Amino acid sequence: MTAADSPTPVLQARGLVKRYGQVTAIDGADFDLLPGEVLAVIGDNGAGKTSLIKALTGAIVPDAGEIRLNGEPIRFTGPQSARAHGIETVHQDLAVAASMDIASNMFLGRELRRPGVLGSVFRMLDKKRMRQEAAEHMAGLKIGLRSLTQAVETLSGGQRQAVAVARSVAWARSVVVMDEPTAALGVKESGQVLDLIRRVRDRGLPVVLISHNMPHVFEIADHVHVHRLGRRAAVIKPSEYSMAEVVAIMTGALTVDGSGGTVVADSEAAKAAGVQAT
């Protein structure tokens, strides 16, 4: 496939820069998210991946560079701006209201009001409609919960994650970003969340997955964006690299050339990491 035949990235960035005084958090970073893929973003602590994702979701405004959504230049002024363009984020803390029920959490900040004067004057919520639509979203993602009227605080960690993901998918039109979705989960619940990510992808929504869990990254990701020292170090296919090689790229023991992914050893550092050049 030539560059001309390649699909237009849903979300793209070129040369992003973000400085905080003398500290450069993003140093000319590039980013490409293709339609219908799960793109894992990995990097060592302090690599700048969190700042990159914040720039792509409107949480921070970069000092320089360009962001494109479906090929069109765009400038986000805040998280609400990104959400208005169909980019939804599932944060690591989930941002759910534990004492409220599942349906209310699905429409948190986007509550539906009853028609007519009851909604416009008395501002009464249309709880029946919200429960119906929440049930449809849950069924669409094959999420089985006992009752949408139960409080989120009664759910397990995996079930809470499912509610947060379902809420994002319900409102996303362009991209779903997931920040460490399996970090606090056991093996069984982690597997359920990975299955849920696959179903989101199968619905046509590309997913950006930020994760430190390399087995999960290799299991679910179509491509892996490796971030290092504030910029993109490589984009690789998990099927073409070992975990040890990817970790070595992440730490700088190996680098990837621009001709198609040949791994070039950084001599002594690569040997220390126990990786051979291919």
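About the criteria used
- Residues numbered from 1 in each chain as written.
- Predicted model: local features only at pLDDT ≥ 70, side-chain atom pairs only at ≥ 80, totals over all residues.
- Heavy atoms only, no water.
- Helix = DSSP H or I, 4+ residues; strand = E, 2+ residues; numbered from the N terminus.
- Rg over C-alpha atoms; globule rule 2.2 N^0.38 Å.
- Buried < 20%, exposed > 50% of the residue type's maximum accessible area, 1.4 Å probe, protein only.
- Areas by Shrake-Rupley, 256 points an atom, 1.4 Å probe, with all protein chains shown as cover.
- Lys, Arg positive; Asp, Glu negative; His and termini not counted.
- Charge placed at Lys NZ, Arg CZ, Asp CG, Glu CD.
- Core = buried A, V, L, I, M, F, W, Y, C linked by side-chain atoms within 4.5 Å.
- Pairing = 2+ DSSP bridges.
- Axes fitted to C-alpha atoms, helices over the stretch in contact; angles between N-to-C directions.
- Contact = heavy atoms within 4.5 Å.
- UniProt positions renumbered as here; feature names shortened; annotations may be inferred.
- Phe/Tyr/Trp six-rings, centres within 6.5 Å; stacked < 30°, edge-to-face > 60°.
- Salt bridge = Lys/Arg side-chain N within 4 Å of Asp/Glu carboxyl O.
- Domains from an automatic or database assignment.
- Buried area = accessible area lost by both parts, 1.4 Å probe.
- Polar contact = N/O pair within 3.5 Å; in protein donor to acceptor, adjacent residues only side chain to side chain.
- Nonpolar A, V, L, I, M, F, W, Y, C, P; charged D, E, K, R; others polar.

Trainee: Help me understand the overall build of the protein chain in this model?
Mentor: When helices and strands are tallied, the protein chain shows 10 helices and 12 strands. At 20 Å, the protein chain has a C-alpha radius of gyration in line with the 19 Å of a compact globule built from 278 residues. For the protein chain, the C-alpha atoms occupy an extent of roughly 70 × 40 × 40 Å along the three principal directions. Across the 278 residues in the protein chain, those meeting the buried criterion constitute 46%. For the protein chain, the accessible area works out to roughly 13,600 Å², and carbon and sulfur atoms hold 50% of it. Placing the 31 positive and 29 negative side-chain charges of the protein chain at their respective mean positions leaves the two points 8 Å apart.

Trainee: I tried to follow the nonpolar core on my own but got confused; where do I start?
Mentor: Generally speaking, soluble globular proteins have nonpolar side chains that are buried together. Ile-102, Met-138, Ile-143, Val-176, Met-178, Ile-197 and Val-200 are the most contacted members of the largest nonpolar core, which has 36 residues in total. Contributions of two or more residues to this core are made by helix H3 (102-106), helix H5 (127-140), helix H6 (157-171), strand E7 (175-179), helix H7 (187-202) and strand E8 (207-210). It is H6 that contributes the most residues to this core, six residues altogether. Listed in part, the 26 residues of the second largest apolar core include Ala-13, Leu-16, Ile-26 and Val-41.

Trainee: Teacher, can you tell me more about the sheet that holds strand E1 (residues 11-20) here?
Mentor: Backbone-to-backbone hydrogen bonds pair the strands of a sheet. The strands run either parallel or antiparallel. Reading across from one edge, E2-E1-E4-E5 is the order of the four strands in this open sheet, with antiparallel pairing throughout. What marks the edges here is a single partner per strand, and that holds for strand E2 (23-33) and strand E5 (72-74). The sheet shows a mean angle of 30° between the axes of neighbouring strands, direction not considered. Judged from the five bridges that link them, E1 and strand E4 (residues 64-69) form a sheet pairing that is antiparallel. Counterpart to Arg-14 in the pairing with E4 is Glu-66. Along the sheet, helix H1 (residues 49-56) makes contact with E1, E2 and E4, crossing E2 at roughly 60°.

Trainee: Is there a simple way to explain the UniProt feature "domain: ABC transporter" (unreviewed entry) in the protein chain in this structure?
Mentor: The feature "domain: ABC transporter" (unreviewed entry), as annotated in UniProt, sits at residues 11-254 in this numbering. Regarding residues 11-254, the helix share stands at 34% and the strand share at 25%, and the terminal C-alpha atoms are separated by 27 Å.

Trainee: Would you explain the packing of aromatic side chains in this entry?
Mentor: Tallied over the entire structure, the rule returns one aromatic pair. Ring geometry for Phe-107 versus Trp-171: centroids 5.7 Å apart, planes at 90°, classification edge-to-face. Remark: Trp-171 occurs in helix H6 and Phe-107 occurs in the loop between H3 and helix H4 (117-120); sequence separation between them is 64 residues. Look at Phe-107 and you get buried, because its relative accessible area is 2%. Taking the relative accessible area as the measure of exposure, Trp-171 reaches 27% and is therefore partly exposed.

Trainee: Could you clarify how one ought to interpret H1 in this entry?
Mentor: Across the eight residues of H1, six count as buried, placing the element largely inside the fold. Every buried residue of H1 is listed here: Lys-49, Ser-51, Leu-52, Ile-53, Ala-55 and Leu-56. The positive-phi residue at the C-terminal boundary of H1 is Gly-58, with phi of around 85°.

Trainee: For this particular structure, what's the right way to read the pattern of salt bridges?
Mentor: As a working rule, side chains carrying opposite charge can pair if their charged atoms are close by. Scanning all chains against the criterion turns up 12 salt bridges. Taking the shortest distance from any N to any O, the salt bridge between Glu-66 and Arg-68 comes out at 2.9 Å. With a closest N to O distance of 3.7 Å, Arg-83 and Glu-88 form a salt bridge. Since its relative accessible area comes to 5%, Glu-88 is described here as buried. Through salt bridges that share partners, Arg-14, Asp-32 and Arg-232 make up one connected network.

Trainee: How do you make sense of the domain arrangement of the protein chain when you look at a structure like this?
Mentor: Many structure descriptions define interface size as the accessible area lost when the parts assemble. On domain assignment, one finds that the protein chain holds domain 1 (7-86 + 172-238) and domain 2 (240-277). With both chains or domains summed, domain 1 and domain 2 bury close to 1,100 Å², and 74% of this area falls on carbon and sulfur atoms. Contact with domain 2 buries surface across domain 1, with Phe-218, Arg-228 and Ile-236 losing the most and accounting together for 37% of the total. Between domain 1 and domain 2 we count zero salt bridges in total. Run the count over domain 1 and domain 2 and you get four residue pairs in polar contact (both at pLDDT 80 or more). Breaking the side of domain 1 that touches domain 2 down by element, the ones donating at least two residues are strand E3 (38-43), helix H8 (214-220), strand E9 (223-228) and strand E10 (231-236). Tallied by class, residues from the side of domain 1 that touches domain 2 come to nine nonpolar, one polar and three charged.

Trainee: Would you explain the sheet that holds strand E6 (residues 87-90) in this entry?
Mentor: Taken together, six strands build an open sheet; the order of strands is E6-E7-E8-E3-E9-E10 and the sheet is mixed. Only two strands of the sheet have a single neighbouring strand rather than two, namely E6 and E10. In this sheet, neighbouring strand axes are inclined to one another by 20° on average, regardless of whether the strands run parallel or antiparallel. With five bridges joining them, E3 and E9 adopt parallel strand pairing.

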